[in-house]
Amino acid sequence: MQAAYTDASLRLPDAVDLGGGTIGGMSFAPGTYRWNSNVNILSNITLNGGPNDRWIFQVEGTLQVGPGVTIVLAGGAVPANVTWQVSGATTLNP
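Just so we're clear, the structure is a prediction, and the values are computed from it rather than from any experiment.

Engineer: Kindly report on the overall build of the protein chain, identifying the contributing residues and their values.
Structural biologist: Scanning the protein chain from terminus to terminus reveals one helix and ten strands. Shown N-terminal to C-terminal, the secondary structure of the protein chain runs as helices and strands in the order α-β-β-β-β-β-β-β-β-β-β. Relative to the compact-globule value of 12 Å for 94 residues, the protein chain shows a C-alpha radius of gyration of 12 Å, a close match. Oriented by its inertia axes, the alpha-carbon framework of the protein chain measures out at about 30 × 25 × 25 Å. Buried positions account for 33% of the 94 residues belonging to the protein chain. Intrachain contacts of the protein chain at a sequence separation of at least 6 include 58% that bridge at least 24 residues. Of the accessible surface of the protein chain, which amounts to about 5,000 Å², a share of 56% is contributed by carbon and sulfur atoms.

Below, the structure written as structure tokens:
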């Protein structure tokens, strides 16, 4: 786990600070995304890509996921290719 965290933290981002940290309702192509703030996911997000594509989410602050939120994997995307590198606390609300 430490190796994956370190690897994710060293990746250069394809996009920075999307949505000002509020990303519910957004769709993400494969890539590396960085936020220099807290990130709130208050509604579903979608990851669109194939089974060999990767998504890396770098969060400098905290990550909060709202109740009932789902991360939708579309186009063959697989959970094993999604990495969250969060510096602060993570709160998952069921």
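Engineer: Describe the environment of valine 72, and please don't skip the residues or the numbers.
Structural biologist: Within the secondary structure layout, valine 72 lies in strand S8 (residues 71–74). Among the residues examined, valine 72 registers a relative accessible area of 31% and is labelled partly exposed. Between the C-alpha atoms of valine 72 and asparagine 44, which are 28 residues apart in sequence, the distance is 7.0 Å. Once residues within four sequence positions are removed from consideration, valine 72 is found in contact with Ile45, Thr46 and Leu47.

Engineer: Quick one: what's the story with the sheet that holds strand S2 (residues 27–28), residue by residue and with numbers?
Structural biologist: Within a beta sheet, neighbouring strands are joined by backbone hydrogen bonds and run either parallel or antiparallel to one another. Strand order across the open sheet formed by three strands is S2-S5-S8, with parallel pairing between neighbours. Both edges of this open sheet fall to S2 and S8, since each of them pairs with a single strand only.

About the criteria used
- Residues numbered from 1 in each chain as written.
- Predicted model: local features only at pLDDT ≥ 70, side-chain atom pairs only at ≥ 80, totals over all residues.
- Heavy atoms only, no water.
- Helix = DSSP H or I, 4+ residues; strand = E, 2+ residues; numbered from the N terminus.
- Rg over C-alpha atoms; globule rule 2.2 N^0.38 Å.
- Buried < 20%, exposed > 50% of the residue type's maximum accessible area, 1.4 Å probe, protein only.
- Contact = heavy atoms within 4.5 Å.
- Areas by Shrake-Rupley, 256 points an atom, 1.4 Å probe, with all protein chains shown as cover.
- Pairing = 2+ DSSP bridges.

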